[in-house]
Amino acid sequence: MNKILGQNDQAGAEALIVSYLCRAGKFRDLFINGIKPHVYVALHVFAEQWSKMPDKVDNNTLIRALVAEPKDLKNVEGWKKLEAVIKDSDNWEASKRYYFIAKSICHASNYGMKARTFRINVLQKSDGAISKTVAECEQMLTKYHTLFPEIREWHDNVIAQVRKTSMLKNLFGHPRIFTGPHEESVYKEWLAFVPQSTVGQITNIAFTELQEEILLGKHPLDFDVLENNHDSILWQSLPENRDYCSKLVNDKLCRRLVSPRGEEFWMKSEAQWSDKSWGEMTEIKL
């Protein structure tokens with residue numbers, strides 16, 4: 001059989017969950033209004049760099065975008081072009097991969113990473129191509145928390161809870177007991193537990209349900225789930241069943257979740273496919 005590969009990923013995944021673990025604020029507003037956090041962070045952290053690119057970035061658009069609230073960004077004249085430039089920076093020379101660096105800032109800051117560790121993290125993820133000073137890293141992380149003060153408030157609440165009870169529960173209500181010493185070196189582990197555990201459990205449930213349904217004969221015979229990748233599922237099918245299967249996996253990953261304050265939200269999913277390899281995939285419109 002000449003099958004194609006498909007993959008569905010939880011969209012936003014851990015960051016989306018963090019936005020609902022925090023109080024309502026600008027970070028959550030990005031998700032509500034369809035603005036990628038990496039784009040927004042790159043816009044603000046590297047504002048000076050964008051202002052020095054008149055051939056790529058219109059200065060009036062930049063100024064309006066920098067003062068706009070997330071709900072208003074898409075109405076800024078020239079926003080789509082500016083957004084495209086920010087995303088495209090991921091293909092520029094290493095020192096100017098502003099989108100990649102912003103993505104690293106988001107992940108590091110959400111889990112309380114310090115400047116020295118962040119510096120090493122970016123070096124490793126870029127295979128040594130992006131080197132920032134500790135002072136530059138400190139400045140970037142500080143800017144992030146200035147944009148989203150609600151994230152450090154959430155950090156403080158998590159740390160206080162573990163110090164008091166030694167326990168956290170993910171958004172499915174499943175607990176973890178922290179038996180080690182209560183010291184700063186393990187704070188990152190505490191902060192990461194609920195988002196990472198919840199994302200992993202969504203995939204586990206979806207993968208299990210799909211496999212059970214396949215064994216019961218509920219889906220096309222050519223459909224197979226191949227691999228659980230923490231926040232995504234790799235699958236295969238015949239080309240003519242591609243859209244059906246991608247929609248099927250999407251429906252399993254898009255779970256209803258409830259924040260600790262009782263706020264309902266839904267995980268989202270994106271899909272890709274390829275008839276060549278896992279490394280060369282094209283978006284599927286769901």
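Structure shown above.
Quantities reported herein were computed from a predicted structural model and do not represent experimental measurements.

Colleague: Please clarify how helix α6 (residues 79-88) should be interpreted in this entry.
Modeller: Since the α-helix turns once every 3.6 residues, residues separated by three or four places project in the same direction. Every buried residue of α6 is accounted for by W79, L82, E83, V85 and I86. The buried side chains of α6 occupy one side of the element, clustering within an arc of 160° when seen end-on. The outward face of α6, more than 90 degrees from its buried face, is lined by the exposed residues K80 and K81. Buried residues in α6 make contact with α3 (37-45), α4 (47-51), α5 (59-67) and α7 (98-110).

Colleague: Would you explain helix α11 (residues 187-215) in this entry?
Modeller: Look at α11: 42 Å from first C-alpha to last across 29 residues, which is about the 42 Å you get at 1.5 Å a residue. One or two steps after α11, the chain reaches G217, where phi turns positive at roughly 75°.

Colleague: For this particular structure, what's the right way to read the pattern of salt bridges?
Modeller: When their charged atoms lie close together, side chains carrying opposite charge are able to pair. Taken as a whole and assessed by the stated rule, the structure comprises 18 salt bridges. One salt bridge connects E209 with K252, and the closest N-O pair in it is separated by 3.4 Å. With E209 in helix α11 and K252 in helix α12 (residues 242-253), this pair connects stretches of sequence that are 43 residues apart. Residue classification places E209 among the partly exposed residues on the basis of a relative accessible area of 25%. Accessibility expressed as a relative area gives 13% for K252, which makes it buried. Note that E264 is salt-bridged to R256, the shortest N-O span being 2.5 Å. Residue R256 is classed as partly exposed on the basis of its relative accessible area, which comes to 48%. By sharing partners, the salt bridges in this structure join E209, E213, K252 and R255 into a single network.

Colleague: Honestly, the packing of helix α9 (residues 134-147) against helix α10 (residues 149-165) in this entry has me stumped. Any pointers?
Modeller: Relative orientation and spacing of two packed helices are given, respectively, by the angle between their axes and the distance between those axes. One way to put it is that α9 packs onto α10 with a least axis distance of 4 Å and a crossing angle of 95°. If you check the angle between α9 and α10, you find them roughly perpendicular. Residue-level inspection shows Y144, H145, T146 and L147 of α9 in contact with α10, the latter providing P149, I151, R152 and H155. Partitioned by chemical class, the residues of the contact of α9 with α10 number four nonpolar, three polar and one charged.

Colleague: Hey, could you run me through the sheet that holds strand β8 (residues 268-277) in this one?
Modeller: Either a parallel or an antiparallel arrangement is found when strands of a sheet pair, and the pairing is made through backbone hydrogen bonds. Taken together, the five strands give an open sheet; going across it, the order is β4-β5-β1-β8-β9, and neighbouring strands pair in antiparallel fashion. One side of each edge strand has no neighbouring strand; the edge strands of this open sheet are β4 (224-228) and β9 (280-284). When the angles between neighbouring strand axes are averaged without regard to direction, this sheet yields 30°. Bridge count for β4 against strand β5 (residues 232-237) is four bridges, and the pairing is antiparallel. Of the residues in β5, the one forming a bridge with E227 is L234. Sheet contacts for α11: β1 (4-11), β4 and β5; angle to β4, the most-contacted strand, approximately 155°.

Colleague: It is not clear to me how the environment of S185 should be interpreted in this structure. Could you clarify?
Modeller: Mapped onto the fold, S185 is located in the loop between β3 (175-177) and α11. A polar atom in the side chain of S185 sits 2.9 Å from the side chain of E183.

Colleague: Where do I start with the packing of aromatic side chains in this structure?
Modeller: Two numbers describe a pair of aromatic rings. These are the distance of the centres and the angle of the planes. Summed over the entire model, instances satisfying the criterion amount to 14 aromatic pairs. Between F27 and F148, the aromatic rings sit 5.1 Å apart at their centres with planes inclined by 65°, giving edge-to-face as the arrangement. Of this pair, F27 sits in helix α2 (residues 26-32) while F148 sits in the loop between α9 and α10, and the two are 121 residues apart along the sequence. Residues W50 and W92 carry aromatic rings whose centres are separated by 6.2 Å and whose planes lie at 70° to one another, so their mutual orientation is edge-to-face. Here the residue W50 occupies a position in helix α4, and W92 occupies one in the loop between α6 and α7, the gap between them amounting to 42 residues. Note on accessibility: W50 and W92 belong to one class, buried. Linked through ring pairs, F27, F31, Y40, Y144 and F148 together constitute an aromatic cluster.

Colleague: What am I meant to see in unusual backbone geometry here?
Modeller: Leaving glycine out, the prevailing phi sign among residues is negative, and the prevailing peptide bond configuration is trans. Positive phi, close to 55°, is recorded for D127, a residue that is not glycine. The class for D127 is exposed, based on a relative accessible area of 74%. Of note, the phi angle at H230 is positive, near 70°, even though the residue is not glycine. Assignment of secondary structure puts H230 in the loop between β4 and β5.

The rules behind each value
Residues numbered from 1 in each chain as written. Predicted model: local features only at pLDDT ≥ 70, side-chain atom pairs only at ≥ 80, totals over all residues. Heavy atoms only, no water. Buried < 20%, exposed > 50% of the residue type's maximum accessible area, 1.4 Å probe, protein only. Helix = DSSP H or I, 4+ residues; strand = E, 2+ residues; numbered from the N terminus. Arc of directions from axis to C-beta. Contact = heavy atoms within 4.5 Å. Expected span 1.5 Å × (residues − 1). Salt bridge = Lys/Arg side-chain N within 4 Å of Asp/Glu carboxyl O. Axes fitted to C-alpha atoms, helices over the stretch in contact; angles between N-to-C directions. Parallel < 35°, antiparallel > 145°, perpendicular 65-115°, else oblique. Nonpolar A, V, L, I, M, F, W, Y, C, P; charged D, E, K, R; others polar. Pairing = 2+ DSSP bridges. Polar contact = N/O pair within 3.5 Å; in protein donor to acceptor, adjacent residues only side chain to side chain. Phe/Tyr/Trp six-rings, centres within 6.5 Å; stacked < 30°, edge-to-face > 60°.

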